[in-house]
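Observations on the three-dimensional arrangement
Chain residues, written in single-letter form:
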Amino acid sequence: MSSSKFFQSPQLSQDLKEFLSTLPRKEVFSNGHPLCRYQYQGFWYVDVILEAVISIQEHFQAEDSDVFVASNPKCGTTWLKAIAFALLNRRRHPATSGDHPFLSRNPHDLVPFLEIGFYGSRKARDIASFPSPRLLATHVPYSSLPESIRSKCKIVYVARDPKDTLVSARHFSARVGMLDTTMAEVLEQFCEGSNIYGPFWDHVVGYWKQSLENPERVLFLKYEDMKARPAAEVRRVAEFLGCAFSAEEEEAGEVDRIVELCSFEGLRGLEVNKKGKQEVTGMDNSAFFRRGEVGDWKNHLSPEMAKRIDRISEEKFSGSGLFL
Ligand code: PAP
């Protein structure tokens with residue numbers, strides 16, 4: 001197990017400490033230490049991330065060519081990062097090349113989160129030196145993104161059944177030493193919306209509505225659809241990003257090659273993802289590959305627990321039909 005120091009005790013400025021003291025807060029336990037979550041603009045964050053989000057809102061200027069992968073944690077972020085990177089870079093890095101970047105770097109290092117490592121006291125690299133066109137990622141809810149991202153950038157969002165998301169999150173937290181609580185407690189936090197970047201449902205609905213209102217800017221995907229028909233979803237992403245497959249590429253089997261390259265088995269089996277660590281957080285890359293299945297919640301949630309989540313979905317997703 002590797003516990004990431006990235007998320008522990010940042011050196012916050014006095015101004016920020018004072019600001020945090022005005023926000024709704026919740027104490028949870030992480031790796032034996034109390035860890036505070038704060039509610040900001042309707043969503044919950046740990047301090048080190050919130051510090052970065054506030055700084056991003058003040059300072060980040062999107063470029064027209066920026067592309068974002070967005071998601072709630074554990075909804076298929078690693079997978080979608082890999083797909084977007086493989087698609088946009090396929091001329092320079094063909095899927096079958098012996099020195100494809102995936103062989104030496106995890107998708108999280110190739111497509112970094114804007115709110116992890118670029119801003120705030122844990123800044124480890126400079127956003128200005130990130131090569132353009134930039135492919136970045138975020139877990140920040142749509143309503144808290146800076147206006148320049150919302151008005152200029154293409155955003156590909158992936159959502160997942162909340163029950164599988166919760167189960168995945170619980171396993172991940174235990175795996176990286178960030179949470180010592182039981183499934184019942186994690187469920188409680190998830191249902192009340194105080195999990196990190198929660199409430200889950202508001203996050204999903206925020207991006208889903210945008211995908212309807214601004215389909216040229218926001219593409220909404222579901223993990224379950226990606227599992228059921230990966231080639232079709234990869235084509236959708238390519239079209240949305242303006243790099244649709246040519247007839248020659250279709251003929252040559254390029255779609256299937258990218259599907260294969262980005263598949264759970266394909267990525268998990270790479271040495272870098274078995275033994276490597278994330279460049280900024282130091283987390284084990286292997287923690288991002290567990291089972292990669294639809295419906296694993298049935299092995300971990302009681303029928304009552306599942307019903308509790310379904311009831312919230314019925315209320316929050318009514319009208320959208322998502323995950324019902
Ligand atoms: P993040 O939001 O913290 O980056 P994210 O990648 O969304 O994490 O979550 C990991 C989940 O995606 C894991 O799901 P599980 O716990 O239910 O197994 C992981 O196994 C799954 N996953 C990672 N890569 C892939 C992939 N290439 N295809 C399908 N599922 C994947």
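Here's what I pulled together on the structure shown here. Given the structure is predicted, the values throughout are model-derived calculations rather than measurements.

**With respect to the packing of helix H6 (residues 162–175) against helix H15 (residues 303–316)**
Where H6 contacts H15, the two axes come as close as 10 Å, and the packing angle between them is 125°. The orientation of H6 with respect to H15, classified from their angle, is oblique. Here H6 contributes Pro 162, Lys 163 and Leu 166 to the contact with H15, which in turn contributes Ala 306, Ile 309, Asp 310 and Ser 313.

**Digging into the packing of aromatic side chains**
Applying the stated criterion across every chain, the model contains 16 aromatic pairs. A centroid spacing of 5.6 Å and a plane angle of 40° characterise the contact between Phe 85 and Phe 102, whose relative ring orientation is tilted. Taken together, the residues span a long stretch of sequence, with Phe 85 in helix H3 (residues 77–88) and Phe 102 in the loop between H3 and helix H4 (107–110) at a distance of 17 residues. Residue classification places Phe 102 among the buried residues on the basis of a relative accessible area of 1%. Judged by centre distance (5.3 Å) and plane angle (65°), the ring pair of Phe 190 and Trp 201 falls under edge-to-face. Here Phe 190 is found in helix H7 (residues 183–192), whereas its partner Trp 201 is found in helix H8 (residues 200–213), with 11 residues between them in sequence. We classify Trp 201 as buried; its relative accessible area is 1%.

About the cut-offs
Residues numbered from 1 in each chain as written. Predicted model: local features only at pLDDT ≥ 70, side-chain atom pairs only at ≥ 80, totals over all residues. Heavy atoms only, no water. Axes fitted to C-alpha atoms, helices over the stretch in contact; angles between N-to-C directions. Helix = DSSP H or I, 4+ residues; strand = E, 2+ residues; numbered from the N terminus. Parallel < 35°, antiparallel > 145°, perpendicular 65-115°, else oblique. Contact = heavy atoms within 4.5 Å. Phe/Tyr/Trp six-rings, centres within 6.5 Å; stacked < 30°, edge-to-face > 60°. Buried < 20%, exposed > 50% of the residue type's maximum accessible area, 1.4 Å probe, protein only.

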